[in-house]
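# Structure at a glance
One-letter residues, chain by chain:
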Amino acid sequence: MSVMSLKQHRTRIYRLIAGFYLSFPLASLPFFLFLLGIPLDRLPRILMHPFFWPLSMVAMITGLGLHEVRRWSWYLLHFTELYFVLLSAHFAFRYGQSPYPLVSFFVLVGFIWLGHRRLTQELRVPYFMPQIAWWESNPRYKTVLPAQVLREGGRTLDADILDLSLSGCFIKCKPEFQANEWIEIHCRLFSRDWKCRGTVVWNTFGAVTHPRGIGVKFGAMDRGTRRILRAATARLKRISELNRSGRYWMSSEEYERLSSKLNSPLPGGDA
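Residues numbered from 1 in each chain as written. Predicted model: local features only at pLDDT ≥ 70, side-chain atom pairs only at ≥ 80, totals over all residues. Heavy atoms only, no water.

## Looking at the packing of aromatic side chains
Per the counting criterion, the structure on display carries 13 aromatic pairs. Ring centres of Phe-24 and Phe-84 lie 5.1 Å apart, and the angle between their planes is 80°; on these two criteria the pair is classed as edge-to-face. Taken together, the residues Phe-24 in helix H3 (residues 24-27) and Phe-84 in helix H7 (residues 71-94) connect sequence positions 60 residues apart. In this structure Phe-24 comes out as buried when scored by relative accessible area, which is 0%. Note that Arg-151 overlies the ring of Phe-177, its terminal NZ or CZ placed 4.0 Å from the centroid. (Phe/Tyr/Trp six-rings, centres within 6.5 Å; stacked < 30°, edge-to-face > 60°. Helix = DSSP H or I, 4+ residues; strand = E, 2+ residues; numbered from the N terminus. Buried < 20%, exposed > 50% of the residue type's maximum accessible area, 1.4 Å probe, protein only. Lys NZ or Arg CZ within 6 Å of the ring centre and 35° of its normal.)

Below you can see the structure in the form of structure tokens.
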């Protein structure tokens, strides 16, 4: 999915959090003044503190990255939040006049945590999904597998699996699915019937680099289902390796010819 396509799906809350970090030198002052109980006459000490402006620069870079939906901004956000918490603790106990500085500090930490959690829920697009490390924990293999998707309520949808891993897959389809919706997938993996339940973790709405469809995380599988999936991904890995080792990228006809050679039934030991 392109950056422009990702930016179209930013929610108001996402833009608000990104805007907070972009305007951090000003946006953070109410937190220091009201939450930490720092009097107005001590505000110049905060503004002149040697660690305030480095934090502000890092926060603004983080906000810019979030605004532009850059993957590196997610990792920089962790550093910014930790920096913010530590500096807030210093300000609260050195300059604050709240009768309960520890409570004020933890209220501020709570706001930071809520913003972090909301961002985690928002980032549900390809390759920018910190809450589902399953997608990057296993290699994905491109394929085209006709499948049937059974939705809750008994509705059945014909679709195509475009990539597959031991943990999940991408299914090309038109209808929109709800996040965390449970579905059941039926297809044939190398002449073996295979079905598995999974949960929808993100939707794409169509772009130049990614078709319209859903990312699915597989649920628990029985032993036989897992063996079939493992054997199928091993064969797809072989196809992928042959493709990369060639002098040029395979055409669709060459891919189908190679796939048919490897498309013999899975041996009994693999399933």
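## A word on the environment of Gly-65
By the element assignment, Gly-65 lies in helix H6 (residues 52-67). Along the backbone, Gly-65 and Leu-76 are eleven residues apart, and their C-alpha atoms lie at a distance of 8.9 Å.

## Focus on the sheet that holds strand E2 (residues 156-164)
The strand order around the closed barrel built from six strands is E1-E2-E3-E6-E5-E4, with neighbouring strands paired in antiparallel fashion. Each adjacent strand pair in this sheet contributes to an overall mean axis angle of 45°, direction not counted. In this structure, strand E5 (residues 192-204) lies alongside strand E6 (residues 213-218), joined through six bridges in antiparallel fashion. Paired with Val-200 across the strands is Val-216, a residue of E6. (Pairing = 2+ DSSP bridges. Axes fitted to C-alpha atoms, helices over the stretch in contact; angles between N-to-C directions.)

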